[in-house]
Amino acid sequence: MDSRTKEDFLNGQLLLIDKPLGWSSFQAVNKIKWAIRKKFELKKIKIGHAGTLDPLATGLLLICTGKFTKTINELQGQPKEYTGTITLGATTPSFDLETEVDQIFPIDHITPELIRDTLPQFIGEIEQRPPVFSALKKDGKRLYEYAREGKEVAIKTRKVTLFEFESTQVDLPNIKFRAVCSKGTYIRSLAHDLGQVLGSGAHLSELRRTKIGDYNVNNALDPSIFGENLLGKWDNP
């Protein structure tokens, strides 16, 4: 049984959560908040996450409670590690599977050697254009709202840093990869840009966040069973 008290959660806890596929980050936070409030009969408690994950992504979400919410900005700034799959030969407007394929490209010229030689081009500080299907705001409105209305919006590039980018398995048209990057990097945009450089088009078909700084998803808990673990066992992150 969890030995932490109401005061522990109010004073501040850092929870490592493994966000399931299909959940929004907001849903995961709400699930944790509900469990804590129910357990300790609290009317309210400060709680927030350090870095959004798209619903189609899984993996590490750092959730802070109480006074630890003041550390969110610091946690967000730490490097992040992702694994996933990039699918060559097709593009989508969202750069992932949120939208349907809009263009098909040949991949006959693609070889594992070409992929291995191309990936290092992205390592270092790069200019990246965020996806139009993203939660970034322009003129007080989120970009995905413009996109869903079919409106074209000029999106500025921004500097991000890729510390590592490697293929872990090539089974065309799919490339399994691992990437370590700075805050603000869109892996969807990275997949799209890789497709452009390879001349084959590409989109992100699978994504998992495995690390934020020194925090590892291997030590994280599924939020759907958080309530049960709060009443039973819970391993401190």
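In what follows, the structure referred to is the one given above.
Residues numbered from 1 in each chain as written. Predicted model: local features only at pLDDT ≥ 70, side-chain atom pairs only at ≥ 80, totals over all residues. Heavy atoms only, no water.

**Quick notes on the environment of Ser205**
Now for step 1: Inspection of the secondary structure puts Ser205 in strand β12 (residues 202-212).
Now for step 2: In sequence terms Ser205 and Leu56 are 149 residues apart; their C-alpha atoms lie 8.8 Å from each other.
Now for step 3: Setting aside chain neighbours within four positions, we find Ser205 in contact with Thr85, Ile86, Thr87, Leu97 and Asn174. (Helix = DSSP H or I, 4+ residues; strand = E, 2+ residues; numbered from the N terminus. Contact = heavy atoms within 4.5 Å.)

**Quick look at a nonpolar patch on the surface**
Now for step 1: Taken together, the side chains of Leu21, Leu56 and Leu97 present a nonpolar region at the surface, about 290 Å² in accessible area.
Now for step 2: With a relative accessible area of 59%, Leu21 lands in the exposed category. (Patch = residues over 30% accessible without salt bridge, like charges linked within 9 Å, V, L, I, M, F, W, Y side chains within 5 Å. Areas by Shrake-Rupley, 256 points an atom, 1.4 Å probe, with all protein chains shown as cover. Salt bridge = Lys/Arg side-chain N within 4 Å of Asp/Glu carboxyl O. Buried < 20%, exposed > 50% of the residue type's maximum accessible area, 1.4 Å probe, protein only.)

**Here we look at helix α2 (residues 25-40)**
Now for step 1: With 16 residues, α2 should reach 22 Å at 1.5 Å per residue; the first-to-last C-alpha distance of 23 Å fits that figure.
Now for step 2: Of the residues flanking the end of α2, it is Glu41, one or two places downstream, whose phi is positive at about 55°. (Expected span 1.5 Å × (residues − 1).)

**A short note on the packing of aromatic side chains**
Now for step 1: Scanning the model with the defined rule gives three aromatic pairs in all.
Now for step 2: Ring geometry for Phe9 against Phe40: centres 5.5 Å apart, planes inclined by 45°, an arrangement best described as tilted. Within this pair, whereas Phe9 is found in helix α1 (residues 6-11), its partner Phe40 is found in helix α2, the two being separated by 31 residues in sequence. Note on accessibility: Phe9 and Phe40 belong to one class, buried.
Now for step 3: The interplanar angle of 80° and the centroid separation of 6.1 Å between the aromatic rings of Phe165 and Phe177 together place this pair among those described as edge-to-face. Within this pair, whereas Phe165 is found in strand β10 (residues 158-171), its partner Phe177 is found in strand β11 (residues 174-181), the two being separated by 12 residues in sequence. Of the two residues, Phe165 and Phe177, neither departs from the other in class, the shared state being buried.
Now for step 4: Members of the aromatic cluster, each reached through a chain of ring pairs, are Phe122, Phe165 and Phe177. (Phe/Tyr/Trp six-rings, centres within 6.5 Å; stacked < 30°, edge-to-face > 60°.)

**Things to note about helix α6 (residues 187-198)**
Now for step 1: Between the first and last C-alpha of α6 there are 16 Å, a value that for 12 residues agrees with the 16 Å anticipated at 1.5 Å per step.
Now for step 2: Counting buried residues along α6, nine of its 12 residues qualify, which places the element largely inside the surrounding structure.
Now for step 3: Within α6 the residues assigned to the buried category are Ile187, Arg188, Ser189, Leu190, Ala191, His192, Leu194, Gly195 and Leu198.
Now for step 4: Contact partners of the buried residues in α6: β4 (80-88), α4 (112-118), β7 (124-128), β10, β11 and β12.
Now for step 5: Following α6 by one or two positions, Gly199 has its phi on the positive side, about 70°.

**As for the layout of surface pockets**
Now for step 1: Here the second largest pocket is characterised by a volume of approximately 230 Å³.
Now for step 2: Around the second largest pocket sit 15 residues that line it, and Leu56, Ala57, Ser205, Glu206 and Leu207 are the ones nearest its centre.
Now for step 3: Contributions of two or more residues to the lining of the second largest pocket are made by β3 (57-65), β4 and β12.
Now for step 4: The dominant element in the lining of the second largest pocket, judged by the number of residues it contributes, is β12, at five residues.
Now for step 5: Broken down by class, the residue content of the lining of the second largest pocket amounts to six nonpolar, four polar and five charged. (1 Å grid on protein atoms, 1.4 Å probe; cavity = no way out; pocket = protein on both sides within 12 Å on 5 of 7 lines; lining within 4 Å. Points joined across faces, edges and corners; volume = space filled by probe spheres on them. Nonpolar A, V, L, I, M, F, W, Y, C, P; charged D, E, K, R; others polar.)

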